[in-house]
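# Commentary on secondary and tertiary structure
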Amino acid sequence: MTHPLHIVILTGAGISAESGIDTFRDAGGLWENHPIEHVATPEGFKADPVLVHRFYNLRRAALSTVKPNAAHVALGQLQREFKGQVTLITQNVDDLHERGGSSDVIHMHGELLSAFCSACDHRWRQVEDLSPQSPCPACQTRGGPRPDIVWFGEMPYQMRRLETAVKACDLFVSIGTSGAVYPAAGFVHLANTFGAQTLELNLEPSQGSAAFDDARHGPATELVPEWVRSTLA
Ligand code: BJW
């Protein structure tokens, strides 16, 4: 194709796998034998806040032990050097895109390093562990603070902005995502409907692979830098 003017990139757990962060479905959708739906739903949090806080406390603490990989770094370079527009959407709650040099990353499923209070909606940067006894720094309610994560059944963040970008783009690229979770899994269909070229870069064919115009399969640390090099050439 001719050089695209607006590229929308959607990333998932697969882009952080080679940094040492487990993906969801490759781990059988389980964490310590708990189905992900038990620790990533409002109902699960209500039923067992100690368990859910532990799940997110461990993952938040693990962020300091991992580093961005060549795929994150390549996308940062693309954002800085591409002559058109690059919109970077991630389903990931880690901060590896930012540490890899990206800016204005849209975290549609929230962020580990953020918390909010379900009592007063105050939102803040959270680095330390949370517990059911943690008080909200604004209203002091105990039990109000929760991880700033979009759980199953909750509306992902910035949906209007995301849909507008996907409809307007010339090229939609999906990287390291299984295509199992909506609405992100539907973006390829939206992009196709509005006339964009679509490209999948994933370890293996995703559930939605057939919907893409082009699909390349292999590790993100190889495919993504290669694709960025050819796009910037
Ligand atoms: C590599 C690699 C390497 C490995 N290199 N690649 C029935 C039908 C349709 C929809 C629904 C339904 N029932 C319920 C729903 C809706 C539901 C949903 O989709 N459920 C499905 C399970 C069916 N969705 C929701 O509830 C969402 N909200 C919603 O729909 O609101 C209503 C609404 C929205 C908009 C418009 C109108 C209405 C909310 C979804 C929240 C998802 N939350 C989670 C957990 C929270 C975050 C966290 O704790 O970290 O987000 S679930 C989990 O899955 C996490 C991820 O962001 C998300 C996606 O997973 P991802 O990133 O794709 O990871 P994996 O593990 O699945 O795949 C990794 C891929 O990488 C694999 O393909 C590997 O091969 C590959 N890979 N190594 C390249 N080295």
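Preceding this section is the structure that the text describes.
This report concerns the structure included in the present document. This structure is a prediction, so every number in the text was calculated from the model and none was measured.

Calculation rules
Residues numbered from 1 in each chain as written. Predicted model: local features only at pLDDT ≥ 70, side-chain atom pairs only at ≥ 80, totals over all residues. Heavy atoms only, no water. Helix = DSSP H or I, 4+ residues; strand = E, 2+ residues; numbered from the N terminus. Rg over C-alpha atoms; globule rule 2.2 N^0.38 Å. Buried < 20%, exposed > 50% of the residue type's maximum accessible area, 1.4 Å probe, protein only. Contact = heavy atoms within 4.5 Å. Areas by Shrake-Rupley, 256 points an atom, 1.4 Å probe, with all protein chains shown as cover. Pairing = 2+ DSSP bridges. Axes fitted to C-alpha atoms, helices over the stretch in contact; angles between N-to-C directions. Core = buried A, V, L, I, M, F, W, Y, C linked by side-chain atoms within 4.5 Å. Near = heavy atom within 4 Å. Polar contact = N/O pair within 3.5 Å; in protein donor to acceptor, adjacent residues only side chain to side chain. Nonpolar A, V, L, I, M, F, W, Y, C, P; charged D, E, K, R; others polar. Domains from an automatic or database assignment.

## Some points on the overall build of the chain
When its secondary structure is counted, the chain shows nine helices and 11 strands. Against the 2.2 N^0.38 benchmark of 17 Å for 233 residues, the chain shows a C-alpha radius of gyration of 18 Å, consistent with a compact globule. Expressed as a percentage of its 233 residues, the buried residues of the chain come to 50%. Partitioning the intrachain contacts of the chain with sequence separation of at least 6 by distance along the chain shows that 64% fall at a separation of at least 24. Accessible surface for the chain amounts to roughly 11300 Å². Of this, 52% is attributable to carbon and sulfur atoms.

## Quick notes on the sheet that holds strand β6 (residues 110–117)
Pairing is antiparallel in the open sheet, where three strands are placed in the order β7-β6-β8. Unpaired on one side and paired on the other, β7 (123–125) and β8 (145–149) mark the two borders of the sheet. The sheet shows a mean angle of 40° between the axes of neighbouring strands, direction not considered. Two elements, β6 and β8, share five bridges in a ladder whose sense is antiparallel. In the sheet register, Phe116 faces β8, and the bridge partner there is Arg146. Contacts between helix α4 (residues 49–62) and the sheet are confined to β6 and β8, with β8 contributing the most and set at about 60° to the helix.

## Thoughts on the nonpolar core
By size, the foremost hydrophobic cluster in this structure holds 21 residues, and its most contacted members are Ile9, Leu75, Val173, Ile175, Leu201, Val224 and Trp227. Of all the elements, helix α9 (residues 220–232) adds the most residues to this core, at five residues. With residues near it in sequence (within four places) discarded, Val173 still touches Ile7, Val8, Ile9, Leu10, Leu199, Leu201 and Trp227. Of all hydrophobic cores here, the second largest spans 18 residues; its members include Met108, Ala184, Ala191 and Phe212.

## Concerning the site of the ligand
Within the structure, the ligand sits among 35 residues, and Arg25, Arg59, Thr177, Ser178 and Tyr182 are positioned closest to it. Side-chain polar atom of Arg25 to an oxygen atom of the ligand: 2.6 Å apart, as the coordinates give it. Interatomic distance of 3.0 Å between a side-chain N/O atom of Glu204 and an oxygen atom of the ligand. Alone, the ligand offers 1500 Å² of accessible surface; in the complex the protein occludes 77% of this. Of all the secondary-structure elements, those providing two or more residues to the shell around the ligand are α1 (14–17) and α4. For the shell around the ligand, a count of residues per class yields 18 nonpolar, 11 polar and six charged. Inspection of the shell around the ligand shows a minimum of three residues originating in each of domain 1 (1–21 + 68–109 + 157–233) and domain 2 (22–65 + 110–149).

By themselves these figures say nothing about function.
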